[in-house]
Amino acid sequence: MFPFFEIFSVRIYTFWFSITLMFFLFYRMLQKLSKKFNYDFDIFKANILWFFISTFIFSRLFYVLSQWNDMKFIKKPFEFFIMSDYNFSLYWAIFWFFLVLLINLKIKKESIIKYLDWVVLAFTFVLVLWYIWSLLWWQIYWKPTNLWIEIKYDNSSSLVPYTVPIFPLPIIYSILSFWIFSSLYILKMYIKTKWFIWYLWLSAFACVTLIFEFFSWKDDIFSVNFFLNFNQICSLILIWFVWRILYNMVKMASFEWTLNIFEKE
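Residues numbered from 1 in each chain as written. Predicted model: local features only at pLDDT ≥ 70, side-chain atom pairs only at ≥ 80, totals over all residues. Heavy atoms only, no water.

## Notes on the overall build of the protein chain
Inclusion rule: Only runs of H or I of at least four residues qualify as helices and only runs of E of at least two qualify as strands under DSSP, and these elements are numbered from the N terminus. A simple rule labels every residue: compare its accessible area, found with a 1.4 Å probe on the protein chains alone, to the largest value its type can have, and call it buried under 20%, exposed over 50%, or partly exposed in between. Note on contacts: a residue pair qualifies if any of its non-hydrogen atoms lie within 4.5 Å across the two residues. Methods summary: accessible areas were calculated by the Shrake-Rupley approach with a probe of 1.4 Å, and residue burial reflects only the protein chains presented.
Along the backbone of the protein chain there are 11 helices and two strands. When its helices and strands are written in sequence order, the protein chain yields β-β-α-α-α-α-α-α-α-α-α-α-α. Residues counted as buried form 45% of the 265 residues belonging to the protein chain. Partitioning the intrachain contacts of the protein chain with sequence separation of at least 6 by distance along the chain shows that 68% fall at a separation of at least 24. Carbon and sulfur atoms form 70% of the exposed surface of the protein chain, whose accessible area is close to 15600 Å².

## A word on helix α9 (residues 196-212)
Formally: In this analysis, the expected span of each helix is defined as 1.5 Å times one less than the number of residues it contains.
Over its 17 residues, α9 extends 25 Å from the first C-alpha to the last, a length consistent with the 24 Å expected when each residue adds 1.5 Å. Among the residues of α9, those classed as buried are I197, W198, Y199, W201, L202, S203, F205, A206, V208, T209 and L210.

## Considerations on the packing of aromatic side chains
Two aromatic rings are characterised by how far apart their centres lie and by the angle between their planes. In plain terms, the rule: To pair, rings of Phe, Tyr and Trp, with the six-membered ring standing in for Trp, must have centres within 6.5 Å; the planes then decide the type, stacked if under 30 degrees apart, edge-to-face if over 60, and tilted in the middle.
Evaluation of the coordinates by the stated rule reveals 26 aromatic pairs. When the centroid spacing of 6.2 Å and the interplanar angle of 70 degrees are considered together, the rings of F37 and Y185 count as edge-to-face. Of the two residues, F37 sits in helix α1 (residues 14-37) while Y185 sits in helix α8 (residues 169-190), which places them 148 residues apart along the sequence. Across the pair, Y185 and F37 agree in class, each one buried. Between W201 and F205 the ring centres are 5.0 Å apart and the planes differ by 10 degrees, which places this aromatic pair in the stacked class. Linking W201 with F205, this pair stays in helix α9, spanning four residues, or about one helical turn.

## So, the side chain of S34
Put simply, the rule reads: Identification of polar contacts relies on pairs of N or O atoms within 3.5 Å, with a donor-acceptor requirement for protein atoms, meaning one able to donate a hydrogen and the other able to accept it, and with residues adjacent in sequence counted only if both atoms are side-chain atoms.
Residue position: S34 is located in helix α1. According to the relative accessible area criterion, S34 is buried, its value standing at 7%. A polar side-chain atom of S34 sits 2.6 Å from the main-chain carbonyl oxygen of L30. The contacts of S34, once residues within four sequence positions are left out, are Y39, F41 and W118.

## As for the layout of surface pockets
Counted only if it meets this: Buriedness for pockets is judged along seven lines, at least five of which must meet protein on both sides within 12 Å for an open set on the 1 Å grid over protein atoms alone, while cavities are sets there where a 1.4 Å probe fits but cannot get out, and lining residues have an atom within 4 Å of a point. Grid points are joined across faces, edges and corners, and a volume is the space filled by probe spheres set on the points. Residue polarity follows a fixed list, in which Ala, Val, Leu, Ile, Met, Phe, Trp, Tyr, Cys and Pro are nonpolar, Asp, Glu, Lys and Arg are charged, and the others, Gly among them, are polar.
Looking at the largest pocket, its volume works out to about 610 Å³. Lining the largest pocket are 20 residues, with F95, F98, W198, L202 and L238 positioned closest to its centre. Counting residues per element, the ones that place at least two in the lining of the largest pocket are α6 (90-107), α7 (113-136), α9 and α11 (230-264). The biggest single contributor to the lining of the largest pocket is α6, with seven residues. Class assignment of the residues belonging to the lining of the largest pocket gives a composition of 20 nonpolar, no polar and no charged.

## Topic: a nonpolar patch on the surface
Here is the rule we go by: What makes a patch is a set of residues exposed beyond 30% relative accessible area and free of salt bridges, joined within 9 Å when like-charged and within 5 Å when nonpolar (Val, Leu, Ile, Met, Phe, Trp, Tyr). Salt bridges are identified by distance alone: a Lys or Arg side-chain nitrogen within 4 Å of an Asp or Glu carboxyl oxygen.
Among the surface-exposed residues, L49, F52, I53 and I57 lie close enough to one another that they form a single nonpolar patch of about 330 Å² accessible area. By secondary structure assignment, the location of I53 is in helix α3 (residues 48-66).

## Observations regarding the pattern of salt bridges
Considering all chains together, one arrives at four salt bridges under this definition. Close ionic contact of E110 with K114 constitutes a salt bridge, the shortest N to O distance being 3.3 Å. Taken together, the shared-partner salt bridges in this structure form one network comprising D40, K108, E110 and K114.

## Description of a positive patch on the surface
The following threshold applies: Residues scored as positive are Lys and Arg, those scored as negative are Asp and Glu, and His as well as the terminal groups of each chain are ignored. Here the site of a charge means atom NZ of a Lys, CZ of an Arg, CG of an Asp or CD of a Glu.
A cluster of basic residues, R28, K32, K35, K36, K192 and K194, forms a positive patch at the surface. For K32, the position within the fold is in helix α1. For K32, a relative accessible area of 43% gives the class partly exposed.

## Focus on the nonpolar core
Here is the rule we go by: Think of a nonpolar core as a cluster: buried Ala, Val, Leu, Ile, Met, Phe, Trp, Tyr and Cys residues, connected wherever their side-chain atoms sit within 4.5 Å.
One finds F26, F44, W118 and W201 to be the most contacted residues of the largest nonpolar core, which totals 66 residues. Listing elements by their share of this core, those giving two or more residues are α1, α2 (42-45), α3, α6, α7, α8, α9 and α11. Take this core: its biggest share by element is 15 residues, from α7.

Scope: geometric values only; no functional claims are made or implied.
Have a look at this one:
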């Protein structure tokens, strides 16, 4: 595909260009949502360096661990950050971002509940570009198909094992991310409950990842041993977590409704 391009004999890697663009888009979307839905943007702005460092390092660390069969031969610390695959663990990037956010909110003695919708809307918006970037850098790929939309990874730097055109799975992820973002953004304008969008996003994101990772032909240490890869295992945990909480909420609401009936009688 297009891991790099040249302008006036200067090689520009699409990896660094894309990740820089995504960062500023995320920053801009958080800023826009802060004004529209009355969020405190300074929480992110004042700690932007810690958000970036924690997300970058730990998402890279857990990707390396998930690919340990291939990456246990790393000898130089520099290779941890700059390697031919340029890949990260998306779930661990999300986890560490929210961990830093939670710590900062604890220091300010604020609840994380009211900020969850804010972050996931901006993050889902950036996911559209994230998956296009993964198409350029072959992090996600499917198998050869005959649907007339296949792409050939014929670049000499490509790590994709196929020499024939293959289905562009990242395009599906990108389209679904855009659909999820659009739907949640519209709902956010009408639903005032702070945590509702958060739980909808968790369910949608986990279900999409769980289903479509079965079409990904890139193995990790988990899929080799347990059939499911790391992202799918995280998705199952999230689905269980969300539906457990929603079940308890419905159960509590039903109990309160029944209790009110007896009190009236």
